[in-house]
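This is what each chain is made of:
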Amino acid sequence: MANIPKLWQLSLLGNGNKTILITVPENCTGKELYNAVKKHPGVPNVDGFQLTTAYGTEIQDTHLKRLDSYDVSNKGIINQVYRVRGGSWPSVDDIQARPRSLDNTVKIKTTESAKHPDVLGLDDESRRAIMPCGHAVAPTSLVMHCLYELENGNDKITCPDMKCGRDWDFREVRIAACLSEDENSAFEQMIAHNKNRTNMEIKQCPKCNSSLKRKGERDKRIVCCVCTKIDKKKYEFCWICLREWNHRGTEKCGNQNCGFVNPENVEKLAKCELIDVSGVMCPSMRACPKCFTIIEHMSRCKHVRCPYCKYDFCFICLKKYFRGQVMFSCEPAPRQTPSGEQSD
């Protein structure tokens, strides 16, 4: 009989208020751990992140060291910190930086009239496509907008006008953006990948490891049907922290630190270095104002989007950033506390 490989189950913290269970080979290498995190459906598709132990030691993304050298063992805690760039226009190697132009032969309504400026305000000189919502967009502007939406986990392309936000049919988008076959394939793969992640709201029961999908998107108190049937006794756990439910009601599970930034990351927020972001000195790490995911600013401007919940905000003042909003001057918010409050 073949030997069954031994597995470790680790708790990954840092994705909003959720604890994600990661299954890896026993005492695997740092590289294997990073790969397992990247492939997990509950983790945003973002390359720039760092994994640390519960004690703050950085785990290297290499095959040179195994988990026991970091004092990590089965059922241990791993922290994830996202490293993001500011700004709205990322680039992808699969998308060619080349001139794009619409002509009169395309099967879409176009214009060069000043009455229909580029909705993104980037190119009012080229012929522009008039989208179903009535807004016009130039091909190059549209490609950059698509990259921004898809690289941030969205599975639809929407009008960037703040008062509109209407979904654009991708069949019209690919014509308006003058996509090549390879570019079209790359975008479609990104859309499919993001849609799969959106639909896979699945977690494992902390007791029996059965994969469960909750019926209501706001349900926190979950009954594991498998454990309940086997034990003939109702087993309930918290969907947020994946621990047994220990409280009355349906909102608070009674477990310490559930719903707040985990204690290991509190120190990072308190002691991280100050950096220059758009000419203003502020902490290099922030907790997303909406979901508390820890984010480290790497470069470019102060506008960032949380890789986990897709919330747009200013890294300096922590105020909400609205799509298409003109950049404003602001004062740096103090360092944050676990409850979302700020401290000097």
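Every value quoted in this text rests on a predicted model; they were computed, and no experiment measured them. (Residues numbered from 1 in each chain as written. Predicted model: local features only at pLDDT ≥ 70, side-chain atom pairs only at ≥ 80, totals over all residues. Heavy atoms only, no water.)

K.L.:
I'd like a rundown of the overall build of the protein, residues and numbers included.
P.N.:
Scanning the protein from terminus to terminus reveals 6 helices and 22 strands. The burial tally for the protein puts 46% of its 344 residues in the buried class. Contacts in the protein between residues at least 24 apart in sequence constitute 54% of all its contacts with a sequence separation of at least 6. Taken as a whole, the protein presents about 18900 Å² of accessible surface, with 48% of it coming from carbon and sulfur. (Helix = DSSP H or I, 4+ residues; strand = E, 2+ residues; numbered from the N terminus. Buried < 20%, exposed > 50% of the residue type's maximum accessible area, 1.4 Å probe, protein only. Contact = heavy atoms within 4.5 Å. Areas by Shrake-Rupley, 256 points an atom, 1.4 Å probe, with all protein chains shown as cover.)

K.L.:
Can you explain the pairing of strand E16 (residues 280-283)? Please cite residues and give values.
P.N.:
Inspection of the sheet shows strand E15 (residues 274-277) paired to E16 by 4 bridges, in the antiparallel sense. Bridging across to E16, Val-277 finds its partner in Val-280. Linking E15 back to E16 in an antiparallel pair, the connection comprises 2 residues, with Ser-278 at a positive phi of about 55 degrees. (Pairing = 2+ DSSP bridges.)

K.L.:
So what's going on with the pattern of salt bridges? Which residues, and what values?
P.N.:
Here the structure, examined in full by the defined rule, presents 9 salt bridges. Residues Asp-61 and Lys-31 are paired through a salt bridge, measuring 3.5 Å at the closest nitrogen-oxygen approach. With a gap of 30 residues between them, Asp-61 in the loop between strand E4 (58-59) and strand E5 (77-84) and Lys-31 in helix H1 (residues 30-39) connect regions that are remote in the sequence. Looking at Lys-31, the relative accessible area reads 26%, which means it is partly exposed. Here Lys-207 and Asp-231 are joined by a salt bridge, their closest N and O atoms 2.7 Å apart. Residue Lys-207 is found in the loop between strand E11 (203-204) and strand E12 (211-212), and its partner Asp-231 is found in helix H5 (residues 225-231); the two are separated by 24 residues along the sequence. The class for Asp-231 is partly exposed, based on a relative accessible area of 38%. (Salt bridge = Lys/Arg side-chain N within 4 Å of Asp/Glu carboxyl O.)

K.L.:
Mind laying out the packing of aromatic side chains, listing which residues take part and the relevant values?
P.N.:
One pass over the full model with this rule turns up 3 aromatic pairs. Between Tyr-34 and Phe-49, the ring centres sit 5.5 Å apart and the planes meet at 15 degrees, which makes this aromatic pair stacked. One end of the pair, Tyr-34, is in helix H1; the other, Phe-49, is in strand E3 (residues 49-53), and 15 residues separate them in sequence. We classify Phe-49 as buried; its relative accessible area is 8%. (Phe/Tyr/Trp six-rings, centres within 6.5 Å; stacked < 30°, edge-to-face > 60°.)

K.L.:
Give a description of H1 that names residues and reports values.
P.N.:
Every buried residue of H1 is listed here: Gly-30, Leu-33, Tyr-34, Ala-36 and Val-37. The buried side chains of H1 occupy one side of the element, clustering within an arc of 160 degrees when seen end-on. (Arc of directions from axis to C-beta.)

K.L.:
Would you mind going over empty space enclosed by the protein in detail, with residue names and values included?
P.N.:
All chains considered together, the criterion is met by 1 cavity of 30 Å³ or more. In this structure, the largest cavity occupies an estimated 30 Å³ of space. What lines the largest cavity is Leu-10, Ser-11, Leu-12, Ile-22, Leu-33, Val-37, Leu-51 and Ile-78. Elements with a minimum of two residues in the lining of the largest cavity: strand E1 (7-15) and H1. When residues of the lining of the largest cavity are assigned to their parent elements, the largest contribution, 3 residues, is made by E1. For the lining of the largest cavity, a count of residues per class yields 7 nonpolar, 1 polar and no charged. (1 Å grid on protein atoms, 1.4 Å probe; cavity = no way out; pocket = protein on both sides within 12 Å on 5 of 7 lines; lining within 4 Å. Points joined across faces, edges and corners; volume = space filled by probe spheres on them. Nonpolar A, V, L, I, M, F, W, Y, C, P; charged D, E, K, R; others polar.)

K.L.:
I'd love a proper account of the sheet that holds strand E6 (residues 110-111), names of residues and values included.
P.N.:
Whenever strands of a sheet pair, they do so through backbone hydrogen bonds, lying parallel or antiparallel. Pairing within the open sheet is antiparallel, and its 3 strands lie in the order E6-E7-E8. Taken across any chain shown, the strands that pair with only one partner, and hence form the sheet edges, are E6 and strand E8 (136-137). The pairing of E6 with strand E7 (residues 128-130) spans 2 bridges and is classified as antiparallel. Directly across from Thr-110, in E7, lies its bridge partner Ala-129.

K.L.:
Which residues make up helix H2 (residues 139-151), and what values do they have?
P.N.:
Compared with the 18 Å implied by 1.5 Å per residue over 13 residues, the 18 Å span of H2 between its first and last C-alpha is a close match. Within H2, 10 of the 13 residues are buried, which leaves it mostly tucked inside the rest of the structure. Of the residues making up H2, those classed as buried are Pro-139, Ser-141, Leu-142, Val-143, His-145, Cys-146, Leu-147, Tyr-148, Glu-149 and Leu-150. Following H2 by one or two positions, Gly-153 adopts a phi angle in the positive range, close to 90 degrees. (Expected span 1.5 Å × (residues − 1).)

K.L.:
Kindly report on the environment of Glu-112, identifying the contributing residues and their values.
P.N.:
Tracing the chain through its elements places Glu-112 in the loop between E6 and E7. In the structure, Glu-112 is positioned 15 residues away from Arg-127 in sequence and 4.9 Å away in space, judged by C-alpha atoms. Among all residues touching Glu-112, those that are not within four sequence positions of it are Arg-127 and Arg-128. At 3.1 Å, the side chain of Glu-112 forms a polar contact with the side chain of Arg-127. (Polar contact = N/O pair within 3.5 Å; in protein donor to acceptor, adjacent residues only side chain to side chain.)

K.L.:
With reference to specific residues and values, describe the confidence of the model for the protein.
P.N.:
Mean pLDDT over the protein: 79, with 81% of residues reaching 70 or higher. Note that pLDDT drops below 50 for residues 87-91; the model gives that stretch 18 contacts with residues more than four away or on any other chain. (pLDDT = per-residue confidence, 0-100.)

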